[in-house]
Amino acid sequence: MSETTFESSAGRFDRFRAVFAGYPAAVAGLIGIVLFSLIALFAPVLAPQDPFDQSRLDIMDGLLPPMSTLMDGTLSVLGTDAVGRDILSAVMYGMRTSLFVALVSVGAGVAVGVVLGLVAVMRGGWIDAVIMRTADLTLSFPGVLLALLLLVVFGSGADKVILALAIGIWAQNARLVRAVGLSEMKKDYIAAARLAGIGQLRIMFHFLLPNAISPVLVIVPMAISGAIVAEATLSFLGVGVPITEPSLGLLISNGNDYLLSGRWWISVAPGLVLVMMVLSINVVADRLRDHANPYLQART
Amino acid sequence: MAEADHGHRCGRTDETMTNFILRRLGQSIILLLIMSVLVFAGMYVISDPVAVMAGEDATEADRQALARSFGLDQPLPIQYLTFLGKIVQGDFGTSFVYGRPVLALIFERLPATLEVVFLAILVGLAVGIPLGIYSGLNRKKAPTKVISFGTTVGYSIPNFWQALLFILVFAVWLRVLPASGRGPTTEIFGVGWSVFNAEGLRYVILPAANLAVALICMQTRLARSGTQEVMYQDYMMFARAKGIARSRLIGRHLLRNILIPIVTITGLELGTLIAFSTVTETVFSWPGIGKLLLDSIYRSDRPVVVAYMILATLMFVLINLVADIIYAILDPRIRYS
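Please read these numbers as outputs of a predicted model, since none were measured by experiment.

The next subject is the interface of chain A and chain B. Contact with chain A, which involves 45 residues of that partner, is made by 49 residues of chain B. Buried area between chain A and chain B, summed over both chains or domains, comes out near 3,900 Å², and the portion from carbon and sulfur atoms is 76%. Joining chain A to chain B, the criterion identifies one salt bridge. Taking the shortest distance from any N to any O, the salt bridge between Arg221(B) and Asp286(A) comes out at 3.6 Å. For the side of chain A that touches chain B, the secondary structure elements donating two or more residues are helix H5 (125–139), helix H6 (143–154), helix H7 (158–185), helix H10 (214–236), helix H11 (248–259), helix H12 (265–292) and helix H13 (294–299) of chain A. The greatest single-element share of the side of chain A that touches chain B, amounting to 12 residues, is contributed by H12(A).

Here is the structure:
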């Protein structure tokens, strides 16, 4: 973005602060995002137990309610599941999987969408038509259903979930970038760059990209929370990540079997963390959207 | 809709409209053909249905006989054409699991899905519109802030987890509503309905509420922004200046004007709702088409999954087509040449 923004990093920080100042919910959301990211990052250090180490699990610890003490003396704040796994530890590790899958799929989807959107703008003609009709095709399906049907074909696994989610994400970004890019193409700086004999690729990435990217950046947080929910839903339905690297959705699904017998903690704890994570991202996303659209801001 | 930015303008003649509809229809048919190839290719990759049906201890002769009886021994292009030809005639094959025609199976389950979906839409409209109008009229009041935060929370709670909470609270702790299944139905016009059955109604409450939460949030937001928009229009100012009673102003002038976008967007969301009912139906064991899809995925019941994919595509293509045509009628700029 260095081509278009000439501010110092301090200027950028001030601008960032101005977006969130006076919006306590959005600030709380930001704090939540930082907190959850840190917990996910340092789960192996923070978690009281390694939930994947089979040798450390004791079947005698199975289905203990919250605040129980395990056989080896550690306190289980959120209780245990059927195989004696500490829910708190499992949730910390589950956040890693959930966040990882969501971030990678959104990253891949946005990257592919932005590049294809730019290519559609630069090339036009049948290339544009093919890209945009393909985008229409993917967008005509609701995200979770598309991913579900794709996973039926691909089979389950974290890599396949990422692929299926990215396929749902690229189209929206391609559309956005194309819409903004088309209006940018009419501006003088592009004509000047062309006259100066600058190559297509350089125009695309150095001139068009920085000026067409901001609407995409505004929807990225919403895409991430959407991907977290989609992954959780798919894993809950049993077509998502494998049992060996349980995400929050899979942990909730495990607890589902014990819900009717009143053992609520197995499903409720990972679900609450999931909601808090998604909510943190959504309030920040709402703030960014309102900030980017002053008309809405004035009205609400 | 994406065509709008081409900016070509046509005259407001019937001929361009017919052309536009024909072109969009053509695009839709091509889209459906592409999807049919993708679905067919995709399903062929998944699993070998002969192996699934024959089981472990089948002999080679058994397998071949089985493959022949389902036409699975033919070359792929022939299988595809046969598949396409049958679909056009409304024949989606026979379920491997139920041993019955797939289309009959789906239509049998459809009323259960539609019942929950429409009940959810009604609840969503009945709760969302008043909340939205209130928030739009009283922007600074405390309940508005609560409603606004509520919609954000409602959007952030994953559908499936919310369903589990409903079961936990209403079926396990309070024991007032059943956790799963459909319960008894009352037959009207040859179709069983839960809503017309006192006992059946208890079964439909939780699944419908589960789907309704997201709708309430959506319709609250739509009604709120609509109210804010409409209240500042000249005709509303005029009506107010004329001294029309507040109840009449809201009940008649406001409601009538915000209802159109709300109903349109809700209609467009119908497909998404039917898709989302997959999750709801699975959690509540509600015997609709969503549960049928997941059961069929788990059991590798290929014809059912293929039929669901094709019908879902058809539904989404139709919804988009109708929406585009309506927009084109309303906005002549969209009819590009």
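Structure's up, so let's keep going.
It is worth spelling out the confidence of the model for chain A at this point. Should the pLDDT be low somewhere, the predicted coordinates at that spot are not to be read in detail. All names here are of chain A. Taken over all residues, the pLDDT of chain A has a mean of 84, while the share at 70 or more is 91%. Of all secondary-structure elements in chain A, the lowest mean pLDDT belongs to H13, at 48, while helix H4 (residues 87–123) reaches the highest, 93. In this model, residues 1–6 is a region of pLDDT below 50 whose contacts with residues beyond four sequence positions or in other chains number seven contacts.

Let us now look at the confidence of the model for chain B. Residue and element names in this part refer to chain B. Confidence along chain B averages 82 in pLDDT terms, with 89% of residues attaining 70 or more. Across chain B, the element-wise mean pLDDT spans from 66 in helix H2 (residues 49–54) up to 92 in helix H5 (residues 102–137). Predicted complex metrics record ipTM = 0.83 and pTM = 0.85.

Residue and element names in this part refer to chain A. On inspection of all chains with the given rule, the structure shows five cavities of 30 Å³ or more. For the largest cavity, the calculated volume is near 50 Å³. Lining the largest cavity are Asp 81, Ile 87, Ala 90, Val 91, Leu 251, Asn 254, Ile 266 and Pro 270. Of all elements in the fold, only H4, H11 and H12 reach the threshold of two or more residues within the lining of the largest cavity. The biggest single contributor to the lining of the largest cavity is H4, with three residues. Residue classes in the lining of the largest cavity are distributed as six nonpolar, one polar and one charged.

Moving on to H5(A). The first and last C-alpha atoms of H5(A) sit 21 Å apart over 15 residues, in line with the 21 Å expected at 1.5 Å per residue. Taken together, the buried positions of H5(A) are occupied by Asp128(A), Ile131(A), Met132(A), Ala135(A), Asp136(A), Leu137(A) and Thr138(A).

Reading the values: the criteria
Residues numbered from 1 in each chain as written. Chains lettered and ligands numbered in written order. Predicted model: local features only at pLDDT ≥ 70, side-chain atom pairs only at ≥ 80, totals over all residues. Heavy atoms only, no water. Contact = heavy atoms within 4.5 Å. Buried area = accessible area lost by both parts, 1.4 Å probe. Salt bridge = Lys/Arg side-chain N within 4 Å of Asp/Glu carboxyl O. Helix = DSSP H or I, 4+ residues; strand = E, 2+ residues; numbered from the N terminus. pLDDT = per-residue confidence, 0-100. 1 Å grid on protein atoms, 1.4 Å probe; cavity = no way out; pocket = protein on both sides within 12 Å on 5 of 7 lines; lining within 4 Å. Points joined across faces, edges and corners; volume = space filled by probe spheres on them. Nonpolar A, V, L, I, M, F, W, Y, C, P; charged D, E, K, R; others polar. Expected span 1.5 Å × (residues − 1). Buried < 20%, exposed > 50% of the residue type's maximum accessible area, 1.4 Å probe, protein only.

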